[in-house]
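Chain and residue survey
Residues per chain are reported as follows:
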Amino acid sequence: MVFENYAFPGGMMIGTDSHTPNAGGLDMFASGVGGADAVDMMAGFPWEVRYPKMVGVHLIGSLNGWTAPKDVILKLAGILTVAGGTNAVVEYFGPGATTISCTD
């Protein structure tokens with residue numbers, strides 16, 4: 001629903017569910033936030049974030065067999081842990097990124 005109804009290239013989206021980052025497939029900055037941050041934004045308060053860490057993931061090759069794009073994300077989450085993934089922007093690039101659809 002997020003992707004089909006709200007995502008567009010160059011936009012910015014703040015959301016509270018796991019579908020929010022899916023909008024990044026259309027070249028958006030899409031960030032998942034906690035409930036308190038979402039309530040503040042709905043009340044008109046500005047969203048603030050410290051300068052985020054940039055995490056680049058160079059993808060090569062292509063997925064095969066029973067492997068899904070979600071497996072790549074879950075592996076990365078396990079490596080980064082909550083401490084490493086908080087306040088971070090993750091960008092996937094490289095020849096392997098072209099083998100994954102924008103919805104994946």
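Now for a quick tour of the structure. Everything numeric here is computed off the predicted structure, so don't read it as measured data. (Residues numbered from 1 in each chain as written. Predicted model: local features only at pLDDT ≥ 70, side-chain atom pairs only at ≥ 80, totals over all residues. Heavy atoms only, no water.)

**Topic: the overall build of the chain**
Selection rule: Think of it this way: any DSSP run of H or I at least four residues long counts as a helix, any run of E at least two long counts as a strand, and we number them from the N terminus. Summary of the burial criterion: residues with accessible area below 20% of their type's maximum are buried, those above 50% are exposed, and those between are partly exposed, where the area comes from a 1.4 Å probe applied to protein chains only. Contacts are residue-level and defined by heavy atoms, with any inter-residue pair within 4.5 Å sufficient. In this description, accessible areas are obtained by the Shrake-Rupley approach with a 1.4 Å probe, and a residue is regarded as covered only by the protein chains that are shown.
Broken down by element type, the chain carries 3 helices and 4 strands. Counting only C-alpha atoms and orienting by the principal axes, one finds that the chain spans roughly 45 × 30 × 20 Å. In the chain, which comprises 104 residues, the proportion classed as buried is 19%. Taking the intrachain contacts of the chain between residues at least 6 apart in sequence as the baseline, contacts between residues at least 24 apart amount to 48%. Of the roughly 7400 Å² of accessible surface on the chain, 61% is carried by carbon and sulfur atoms.

**A closer look at helix α3 (residues 69-85)**
The criterion, for reference: What a helix is expected to span follows from its residue count: subtract one and scale by 1.5 Å. Bend at a given residue is defined as the angle between two axes, one fitted to the seven residues that end at that position and one fitted to the seven that begin there.
The terminal C-alpha atoms of α3 lie 18 Å apart, and with 17 residues this falls more than 12% below the ideal 24 Å at 1.5 Å per residue. In the structure, α3 departs most strongly from a straight axis at isoleucine 79, where the bend amounts to approximately 60 degrees. Looking at the buried side of α3, the elements it contacts are β3 (53-58) and β4 (88-93).

**Examining unusual backbone geometry**
Phi is positive for aspartate 27, close to 70 degrees, though the residue is something other than glycine. Checked against the element boundaries, aspartate 27 lands in the loop between β1 (12-15) and β2 (29-32). Using a relative accessible area of 60% as the deciding quantity, one classes aspartate 27 as exposed.

**So, the pairing of β3**
Filter applied, for reference: Here a strand pair is declared whenever DSSP counts at least two bridges between the two strands. Assignment of crossover handedness uses the view with strands pointing away from the viewer, where a clockwise path from the first strand over the helix to the second indicates a right-handed crossover.
Pairing geometry for β3 and β4, over 6 bridges, is parallel. Looking across to β4, one finds that glycine 56 is bridged to glutamate 91. Crossover β3 to β4 through α3 is right-handed.

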